[in-house]
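# Reading the structure
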Amino acid sequence: MSKIPVLEIFGPTIQGEGMVVGKKTMFVRTAGCDYSCSWCDSAFTWDGSAKDEIVQMTADDVWKRLQEIGGRRFNHVTISGGNPALLKNLNGLINLLKQNEIEVALETQGSRWQDWFVQIDDLTISPKPPSSNMKTDFDKLDDIIHQLSERNRLKYVSLKVVIFDEADYQYAKGIGERYPQVPLYLQVGNHDVHGEDIENLTSNLLDQYEQLIDRVVQDEQLNDVRVLPQLHTLVWGNKRGV
Ligand SMILES: C[S@@+](CC[C@H](N)C(=O)[O-])C[C@H]1O[C@@H](n2cnc3c(N)ncnc32)[C@H](O)[C@@H]1O
Ligand SMILES: Nc1nc2[nH]cc(C(=O)O)c2c(=O)[nH]1
Ligand code: SF4
Ligand SMILES: [Mg+2]
């Protein structure tokens, strides 16, 4: 059976971000990314620092492990990374979860298409703004949104843009204009992904959140938008596995 490179399986916790924020969920975090965002809060998935922790698992292994740690205390699994959309064979895991009546969410940046996107219940696409130092391939992103639209999947999809500065804000507006049919979430950027002083971190993030809200409420071109912090970061700081 084909294997998936897994870095973490944890939960139940709450989804801290985006379209299903607050939902009780388990997480499966895959290894490897085609991007290297300057501020990535999960850089250990691609920078080699956790390469010894990567475990090659079959879909069955992952499902067993989810049950071992989550028992019967979950009905939702979020797959994140790294970029899980690098893995063509994730359909095995997605099918297995669905057979067991588990809802499946997935986080990806919109750089790659996989046919199994159409099976995801909550698909978050998070194109990267200028502060990340990554360049969005808009031909690719257009194609992904087009394919999802053609297959009547847009009700299961959202776009989420992380905001650090004015250029990011303008980029997010561009995303909103380009894909008006897809719900848009703005997410507060965490400047200090290694900081251990949670009080200081929380207070900075709440300040950033307030500033982003102030900017959005003044803006007549961004009426149909949702503005959120990363809830898990406010609660647990930069701790891994929550
Ligand atoms: C770690 S990524 C993994 C999934 C996929 N590679 C992606 O970027 O969408 C999960 C989410 O965390 C966001 N993220 C990463 N670093 C962040 C930071 N420093 N502050 C806020 N959000 C961040 C990403 O933009 C993405 O929406
Ligand atoms: N609680 C919690 N919510 C999250 N939402 C997206 C996450 C991610 O790293 O992809 C994440 C995470 O790592 N933890
Ligand atoms: S695309 Fe996601 S996982 Fe990859 S570097 Fe950027 S934030 Fe990190
Ligand atoms: Mg995270």
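These numbers were taken from a predicted model, which means no experiment stands behind them.

What counts as what
Residues numbered from 1 in each chain as written. Chains lettered and ligands numbered in written order. Predicted model: local features only at pLDDT ≥ 70, side-chain atom pairs only at ≥ 80, totals over all residues. Heavy atoms only, no water. Near = heavy atom within 4 Å. Polar contact = N/O pair within 3.5 Å; in protein donor to acceptor, adjacent residues only side chain to side chain. Areas by Shrake-Rupley, 256 points an atom, 1.4 Å probe, with all protein chains shown as cover. Helix = DSSP H or I, 4+ residues; strand = E, 2+ residues; numbered from the N terminus. Nonpolar A, V, L, I, M, F, W, Y, C, P; charged D, E, K, R; others polar. Buried < 20%, exposed > 50% of the residue type's maximum accessible area, 1.4 Å probe, protein only. Arc of directions from axis to C-beta. Contact = heavy atoms within 4.5 Å. Core = buried A, V, L, I, M, F, W, Y, C linked by side-chain atoms within 4.5 Å. UniProt positions renumbered as here; feature names shortened; annotations may be inferred. Salt bridge = Lys/Arg side-chain N within 4 Å of Asp/Glu carboxyl O.

## Section: the site of ligand 2
The immediate surroundings of ligand 2 are formed by F10, I14, Q15, G16, E17, F27, R29, S80, E107, H232 and V242. Within the backbone of G16, an N or O atom sits 3.0 Å from a nitrogen atom of ligand 2. With the chains in place, 93% of the 330 Å² that ligand 2 exposes on its own is no longer accessible. For the shell around ligand 2, the secondary structure elements donating two or more residues are β1 (4-14) and β2 (24-30).

## Things to note about the site of ligand 3
Inspection of the region around ligand 3 gives C33, Y35, S36, C37, C40, W46, G82, Q109 and K128 as its neighbouring residues. Of the residues contributing to the shell around ligand 3, the split by class is five nonpolar, three polar and one charged.

## Quick look at helix α2 (residues 91-99)
For α2, the complete set of buried residues consists of L93, I94, L96 and L97. Seen along its axis, α2 keeps its buried residues to an arc of 165°; they face one direction. Looking at the buried positions of α2, the neighbouring elements they touch are β1, α1 (59-70), β4 (76-80) and β5 (103-108).

## Remarks on the nonpolar core
Ranked by size, the top nonpolar core spans 58 residues in total, and within it L66 and L186 carry the most contacts. By residue number, the principal contributor to this core is helix α5 (residues 198-217), which donates five residues. Those residues in contact with L186 that lie beyond four places of it in its chain are V161, I163, Y169, A172, L212, V216, L222, V225, R226, V227 and L228. With eight residues, the next largest nonpolar core counts C40, A43, M134 and F164 among its residues.

## Focus on the UniProt feature "binding site: [4Fe-4S] cluster" (unreviewed entry) in the protein chain
Following the UniProt record, the feature "binding site: [4Fe-4S] cluster" (unreviewed entry) maps to C33, C37 and C40 here. Counting through the fold element by element, C33 comes out in the loop between β2 and β3 (55-57). By relative accessible area, C33 is classed as partly exposed at 25%. Residues within four places of C33 in sequence aside, it is in contact with W46, G82, N83, L86 and Q109. Note that C40 resides in the loop between β2 and β3. With residues near it in sequence (within four places) discarded, C40 still touches W46 and V193.

## Some details on the side chain of Q15
Mapped onto the fold, Q15 is located in the loop between β1 and β2. With a relative accessible area of 3%, Q15 lands in the buried category. A polar contact of 3.3 Å, which involves the side chain of Q15, links it to the side chain of E107. Dropping the residues within four chain positions of it, Q15 is found in contact with V20, V21, G22, K23, T25, F27, T78 and E107.

## A few points about the pattern of salt bridges
According to the stated counting rule, one finds eleven salt bridges in the structure shown. Here R29 makes a salt bridge to E8, at a shortest N to O gap of 2.7 Å. Within this pair, whereas R29 is found in strand β2, its partner E8 is found in strand β1, the two being separated by 21 residues in sequence. Among the ionic pairs, K160 bridges to E17, the shortest N-O distance being 2.7 Å. Linking K160 in strand β7 (residues 157-163) with E17 in the loop between β1 and β2, this pair joins segments that are 143 residues apart in sequence.

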